[in-house]
Amino acid sequence: MSLSKKELSILIEVIYSIVFALIFLPYFYENQEKTLLLMEGLVGKIIQITISSVIYFSVAYALLEVTFKKKEARDERDDMINSKSYKLGYLLYEFSLFIFIGYVYSKFQNKELLNLTGNQELYNSFQLTDGGIVFFILVLLAFTSILKSLYQFYLYRTV
């Protein structure tokens with residue numbers, strides 16, 4: 001199975017998204033009950049994400065350019081594949097926004113239901129935090145990014 005430069009470029013994005021989800025999302029999962037100001041090491045984690053992203057993409061694309069010295073021509077097929085995959089990505093982001101709004105609304109709704117029960121301790125412990133919102137958004141972004149890139153890879157292999 002021979003892969004083109006474009007297909008390898010897409011696989012580089014997919015691998016990064018999966019590695020990001022496996023390495024950095026657990027930190028945000030563990031701290032989702034805290035606010036952003038109370039997260040220990042948040043600035044350090046953001047710096048780690050930035051530096052590792054720059055190094056990963058620099059090395060990966062440099063190796064890709066060294067391996068494939070010829071420039072591949074772009075044609076209508078590439079434009080069609082990019083249009084279809086970005087359309088799917090856009091629809092997934094819109095759907096994710098809908099899911100996110102529903103998540104926030106259900107959290108507020110559940111908190112109000114707990115208020116009606118009169119259990120003040122449970123009501124006070126049930127909260128929507130900045131960390132929870134950041135974690136939920138990162139999960140949705142990683143998921144949609146992986147699906148968009150996999151669909152783009154599939155289109156390059158089949159069309």
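The structure we're discussing is the one just above.
Residues numbered from 1 in each chain as written. Predicted model: local features only at pLDDT ≥ 70, side-chain atom pairs only at ≥ 80, totals over all residues. Heavy atoms only, no water.

Draft legend 1. Structural view of the packing of aromatic side chains. Evaluation of the coordinates by the stated rule reveals 10 aromatic pairs. Judged by centre distance (5.2 Å) and plane angle (80°), the ring pair of Tyr56 and Phe57 falls under edge-to-face. Owing to a relative accessible area of 25%, Tyr56 belongs among the partly exposed residues under this scheme. Look at Phe57 and you get partly exposed, because its relative accessible area is 25%. (Phe/Tyr/Trp six-rings, centres within 6.5 Å; stacked < 30°, edge-to-face > 60°. Buried < 20%, exposed > 50% of the residue type's maximum accessible area, 1.4 Å probe, protein only.)

Draft legend 2. Focus on helix H3 (residues 42–67). In this model H3 runs 37 Å from its N-terminal to its C-terminal C-alpha over 26 residues, within 8% of the 38 Å that 1.5 Å per residue would give. Check the buried side of H3 and you find it contacts helix H1 (5–23) and helix H2 (25–30). (Helix = DSSP H or I, 4+ residues; strand = E, 2+ residues; numbered from the N terminus. Expected span 1.5 Å × (residues − 1). Contact = heavy atoms within 4.5 Å.)

Draft legend 3. View of the pattern of salt bridges. What the rule picks out here adds up to 4 salt bridges. Salt-bridge contacts for Lys6 lead to Asp78; the nearest nitrogen and oxygen are separated by 2.4 Å. Note that Lys6 is positioned in helix H1 and Asp78 in helix H4 (residues 76–117), a separation of 72 residues in sequence. Accessibility expressed as a relative area gives 19% for Lys6, which makes it buried. (Salt bridge = Lys/Arg side-chain N within 4 Å of Asp/Glu carboxyl O.)

Draft legend 4. Fine view of the environment of Ser4. Within the fold, Ser4 resides in the segment before H1. Each C-alpha atom of the pair Ser4 and Phe98 lies 36 Å from the other, and the pair is 94 residues apart in sequence. Non-local contacts of Ser4, meaning those with residues more than four positions away in its chain, are made with Phe68 and Glu72.

Draft legend 5. Spotlight on the nonpolar core. With 11 residues, the main nonpolar core is built from Tyr16, Phe20, Phe24, Leu25, Tyr27, Phe28, Met39, Leu42, Ile49, Phe135 and Leu138. Of all elements in the fold, only H1, H2, H3 and helix H6 (130–158) reach the threshold of two or more residues within this core. The leading source of residues in this core is H2, at 3 residues. Setting aside anything within four residues of it in sequence, one finds Met39 in contact with Tyr27, Phe28, Asn31, Lys34 and Gly131. (Core = buried A, V, L, I, M, F, W, Y, C linked by side-chain atoms within 4.5 Å.)

Draft legend 6. Spotlight on the side chain of Thr144. Inspection of the secondary structure assignment puts Thr144 in helix H6. Classification of Thr144 as buried rests on a relative accessible area of 1%. Beyond its immediate sequence surroundings of up to four residues, Thr144 is in contact with Leu92, Tyr93 and Ser96.

Distances and angles like these do not, on their own, reveal function.
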